[in-house]
Amino acid sequence: NAGVMQNPRHLVRRRGQEARLRCSPMKGHSHVYWYRQLPEEGLKFMVYLQKENIIDESGMPKERFSAEFPKEGPSILRIQQVVRGDSAAYFCASSPERNTIYFGEGSWLTVV
Amino acid sequence: TQLLEQSPQFLSIQEGENLTVYCNSSSVFSSLQWYRQEPGEGPVLLVTVVTGGEVKKLKRLTFQFGDARKDSSLHITAAQPGDTGLYLCAGQMTGAQKLVFGQGTRLTINP
């Protein structure tokens with residue numbers, strides 16, 4: 001996990017608020033992925049980004065969720081108007097070109 | 001429909017026993033990775049296999065990629081309590097960058 005930095009590690013939001021999760025990939029990695037893990041389940045792919053481009057967002061819910069990876073700064077996963085069902089662990093991962101994917105420690109979102 | 005099926009989903013054995021976890025699919029993968037995840041943490045990469053029939057060893061852990069690159073196995077010899085955790089297999093399909101995960105095997109090694 002060393003190198004992929006996620007923050008915050010834990011986030012509590014009330015229903016209807018916005019959640020912003022940040023991810024800094026490992027040095028030299030230009031590919032970023034976001035995954036979601038519900039309790040006692042495996043990881044589900046959400047979105048794959050390269051710098052300034054969304055490459056594959058087939059796993060993203062159609063509404064309220066968005067992701068970006070700007071030219072400068074971390075990747076952001078944004079969840080608007082959160083609901084209880086959004087409570088989960090959100091993992092960011094990064095890779096150099098096409099190769100092994102490394103995960104961060106995760107951000108645990110709790111919606112109350 | 002789960003693209004990668006892991007079995008068993010739960011396994012509890014005594015220290016010193018051997019075990020095998022399976023990861024099966026009807027699809028072909030260009031690479032397959034095994035991760036271990038502890039509660040409250042992210043998945044930690046154990047191994048990547050890319051060649052059909054490939055076998056990799058990591059101390060007491062042996063990983064094998066099927067000849068047709070549709071399945072993989074993880075064998076642990078003389079399991080120890082420190083091996084307890086969630087083991088995840090994940091594959092990259094040809095032409096795709098994203099990883100598809102199995103549902104995981106929760107392994108408990110009892111002293």
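Structural data are supplied above this passage.
Residues numbered from 1 in each chain as written. Chains lettered and ligands numbered in written order. Predicted model: local features only at pLDDT ≥ 70, side-chain atom pairs only at ≥ 80, totals over all residues. Heavy atoms only, no water.

Colleague: Looking at this model, I keep getting lost on the overall build of chain A. Mind explaining?
Modeller: Per the secondary structure count, chain A includes zero helices and 11 strands. When the helices and strands of chain A are read in sequence order from the N terminus, they spell out β-β-β-β-β-β-β-β-β-β-β. Taking 13 Å as the expected radius of gyration for a compact globule of 112 residues, we find that chain A reaches 13 Å, a close match to that expectation. Counting the 112 residues in chain A, one finds 41% classified as buried. Distance from the positive charge centre (16 side chains) to the negative charge centre (12 side chains) of chain A: 5 Å. (Helix = DSSP H or I, 4+ residues; strand = E, 2+ residues; numbered from the N terminus. Rg over C-alpha atoms; globule rule 2.2 N^0.38 Å. Buried < 20%, exposed > 50% of the residue type's maximum accessible area, 1.4 Å probe, protein only. Lys, Arg positive; Asp, Glu negative; His and termini not counted. Charge placed at Lys NZ, Arg CZ, Asp CG, Glu CD.)

Colleague: Just checking my understanding: could you explain the pattern of salt bridges for this structure?
Modeller: Pairs can form between side chains of opposite charge once their charged atoms are near each other. Under the criterion given, the structure shown has eight salt bridges over all chains. A salt bridge links Glu18 of chain A to Arg20 of chain A, with the nearest nitrogen and oxygen atoms 2.8 Å apart. Residue class for Glu18 of chain A comes out partly exposed when judged on its relative accessible area of 30%. Note that Arg36 of chain B and Glu38 of chain B form a salt bridge whose closest N and O atoms lie 2.6 Å from each other. Classification of Glu38 of chain B as partly exposed rests on a relative accessible area of 28%. Taken together, the shared-partner salt bridges connect Glu18, Arg20 and Arg78 of chain A into one network. (Salt bridge = Lys/Arg side-chain N within 4 Å of Asp/Glu carboxyl O.)

Colleague: Would you explain the sheet that holds strand E8 (residues 71-76) of chain B in this entry?
Modeller: Residue and element names in this part refer to chain B. Spatially, five strands are ordered E1-E3-E8-E7-E6 in an open sheet, and the strand pairing comes out antiparallel. Looking at which strands have only one partner, the edges of the open sheet turn out to be strand E1 (5-7) and strand E6 (55-58). Averaged over all neighbouring strand pairs, the angle between strand axes comes to 15 degrees, with direction disregarded. In the sheet, strand E7 (residues 61-65) pairs with E8 via five bridges, with the strands oriented antiparallel. Its bridge partner lying in E8, Phe65 is registered against Ser72. (Pairing = 2+ DSSP bridges. Axes fitted to C-alpha atoms, helices over the stretch in contact; angles between N-to-C directions.)

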